[in-house]
Amino acid sequence: MIDLDIQGFFDNVPHDPILRAVDKHTDQPWVLLYVHRWLVAPIQQPNGTLVTRDRGTPQGSAISPLLTNLFMHYAFDMWLAREQPKSRFERYCDDAVVHCASEEQADYVRSRIADRLATFGLRLHPEKTRIVYCHQDGRPGLDHPVDTEFTFLGYTFRPRTARLRNGDLKTGFLPAVSKHAMKSMAAVIRGWRLGRCTRLTFIQVAKMINRIVAGWINYYGRYYKSLLIAFLSRQINPHLVKWAMRKYKHLHYAPARARKRLAHIATNHPRIFAHWRHGALPSGSTTGAV
């Protein structure tokens, strides 16, 4: 398969094809007018100077994902479905993976995609665009080095051991939360500074973080959930111990006692925190996942 990355996509996507795509979906002239004005509006630099634009859409704006997806729908999706109907693909904005039956086919399709994007002044990233071999049991190995993993939408796909329904173990090409996603989540958890939230009650701390943690679990926990749950346990529970040590005088300078107290609470109330409900309990807890 091909793991595609378009170099500098948001900075270089051309305006005219975007406007033609918008025009296909509206009969209101003012919509086209405002989209055009927004696309060509100058960007103010930190030093106050204005930079005019003849291509690109600002990242982070509310409408950029819609406009770039419209562009990619016509420039990539419909073209690939028409020109390479046997190559299935998945795409989210400018990230895409294209399935191929062989390395030779992958080389050919990648070349065709590069030529197609070049007509719009875009190019594939020479390092981030890769051909990946999806190795799993039952598929022959290759006699030369090749990438055997890729990351898409926060999941890293690579060979992993899985247990079949009959209990047997098998190596499949499977997704799990990526290292980059875990690094981003860890940064968010540190930013909460839970150890300093001593003005909050235990329930209020849970309420503050549960919606975010539940969102992570709902998204990243669909595949290889055990990896995510172990990560959340390692990342969040130590901060809760620090919170308890600072909150209660009798737990000051007593980390072992604070951990024991947290484990006792988790044993009796395992649904307080979203990650506890899925088994990410503090060490020493006697209850199982709920």
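What comes next concerns the included structure. (Residues numbered from 1 in each chain as written. Predicted model: local features only at pLDDT ≥ 70, side-chain atom pairs only at ≥ 80, totals over all residues. Heavy atoms only, no water.)

Our focus in this paragraph is the nonpolar core. Ranked by internal contacts, the top residues of the largest apolar core, which has 39 residues, are Met 185, Val 213, Phe 273 and Trp 276. Listed by contribution, the elements that provide at least two residues to this core are helix 6 (179-192), helix 7 (202-220), helix 8 (225-247) and helix 9 (255-268). In terms of residues, this core owes the most to one element, helix 8, which gives 10 residues. Counting 32 residues, the second-largest nonpolar core is a separate cluster that includes Phe 76, Cys 93, Val 109 and Leu 122. (Core = buried A, V, L, I, M, F, W, Y, C linked by side-chain atoms within 4.5 Å. Buried < 20%, exposed > 50% of the residue type's maximum accessible area, 1.4 Å probe, protein only. Helix = DSSP H or I, 4+ residues; strand = E, 2+ residues; numbered from the N terminus.)

Right, let's get into the pairing of strand 8 (residues 155-163). Two strands pair when backbone bridges link them, and strand 7 (residues 150-152) and strand 8 are joined in this way by 3 bridges, in the antiparallel orientation. Bridged to Phe 150 within strand 8 is Phe 157. Turn length for the strand 7-strand 8 hairpin, with the two strands adjacent in sequence and antiparallel, is 2 residues, and the turn residue Leu 153 shows positive phi of about 55 degrees. Both strand 8 and strand 9 (residues 169-177) contribute to a ladder of 9 bridges, which runs antiparallel. Bridge pairing links Arg 160 to Gly 172 in strand 9. Hairpin geometry of strand 8 and strand 9 is characterised by an intervening segment of 5 residues between the two adjacent antiparallel strands and by a positive phi of about 95 degrees at Gly 167. (Pairing = 2+ DSSP bridges.)

On to the state of the cysteines. The final tally for this structure, using the stated rule, is 0 disulfides. Free cysteine: Cys 134, not disulfide-bonded; nearest cysteine sulfur from Cys 100 at 9.8 Å. On the basis of relative accessible area, Cys 134 is assigned to the buried category, the value being 13%. (Disulfide = S-S within 2.5 Å.)

Further remarks concern the sheet that holds strand 6 (residues 130-131). Pairing in this open sheet of 4 strands is antiparallel, and the strands run 4-5-1-6 from one edge to the other. The open sheet has two edge strands, strand 4 (89-92) and strand 6, and neither has a second partner. Here strand 4 runs beside strand 5 (residues 95-98); their pairing, made up of 4 bridges, is antiparallel. By the bridge assignment, Glu 90 is partnered in strand 5 with Val 97. Each of strand 1 (2-5), strand 4 and strand 5 is contacted by helix 4 (residues 64-83), which is oriented at about 170 degrees to strand 4, the strand it contacts most. (Contact = heavy atoms within 4.5 Å. Axes fitted to C-alpha atoms, helices over the stretch in contact; angles between N-to-C directions.)

Now for the packing of aromatic side chains. In this structure the tally under the stated criterion is 17 aromatic pairs. Both rings, one in Tyr 155 and one in Tyr 219, keep their centres 5.7 Å apart while their planes meet at 50 degrees; by these two values the pair is tilted. In this pair, Tyr 155 sits in strand 8 while Tyr 219 sits in helix 7, placing the two residues 64 residues apart along the sequence. Measuring from ring centre to ring centre gives 5.9 Å for Trp 192 and Trp 216, while their planes differ by 20 degrees; the resulting arrangement is stacked. Here Trp 192 is found in helix 6, whereas its partner Trp 216 is found in helix 7, with 24 residues between them in sequence. Here the two residues Trp 192 and Trp 216 agree in accessibility, since each one is buried. (Phe/Tyr/Trp six-rings, centres within 6.5 Å; stacked < 30°, edge-to-face > 60°.)

According to the stated counting rule, one finds 6 salt bridges in the structure shown. For Arg 82, the salt bridge goes to Glu 83, with nearest N and O atoms at 3.6 Å. Its salt-bridge partner being Arg 110, residue Asp 107 comes within 3.1 Å of it at the nearest N-O pair. In this pair, Asp 107 and Arg 110 both sit in helix 5 (residues 103-118), 3 residues apart, roughly one turn of the helix. One network of salt bridges, in which partners are shared, links Asp 3, Arg 130 and Asp 147. (Salt bridge = Lys/Arg side-chain N within 4 Å of Asp/Glu carboxyl O.)

Space inside the largest pocket adds up to approximately 610 Å³. Taken together, 28 residues form the lining of the largest pocket, with Met 1, His 99, Cys 100, Cys 134 and Arg 139 sitting closest to its centre. Of all the secondary-structure elements, those providing two or more residues to the lining of the largest pocket are helix 5, strand 7, strand 8 and strand 9. The greatest single-element share of the lining of the largest pocket, amounting to 3 residues, is contributed by helix 5. Classifying every residue of the lining of the largest pocket by side-chain character gives 20 nonpolar, 3 polar and 5 charged. The calculated volume of the second largest pocket comes to roughly 280 Å³. Lining the second largest pocket, in full, are Glu 149, Thr 151, Gly 154, Thr 156, Arg 158, Arg 160, Val 177, Ser 178, Lys 179, His 180, Met 182 and Leu 227. At the level of secondary structure, the elements contributing two or more residues to the lining of the second largest pocket comprise strand 8 and helix 6. When grouped by side-chain class, the residues that make up the lining of the second largest pocket number 3 nonpolar, 5 polar and 4 charged. (1 Å grid on protein atoms, 1.4 Å probe; cavity = no way out; pocket = protein on both sides within 12 Å on 5 of 7 lines; lining within 4 Å. Points joined across faces, edges and corners; volume = space filled by probe spheres on them. Nonpolar A, V, L, I, M, F, W, Y, C, P; charged D, E, K, R; others polar.)

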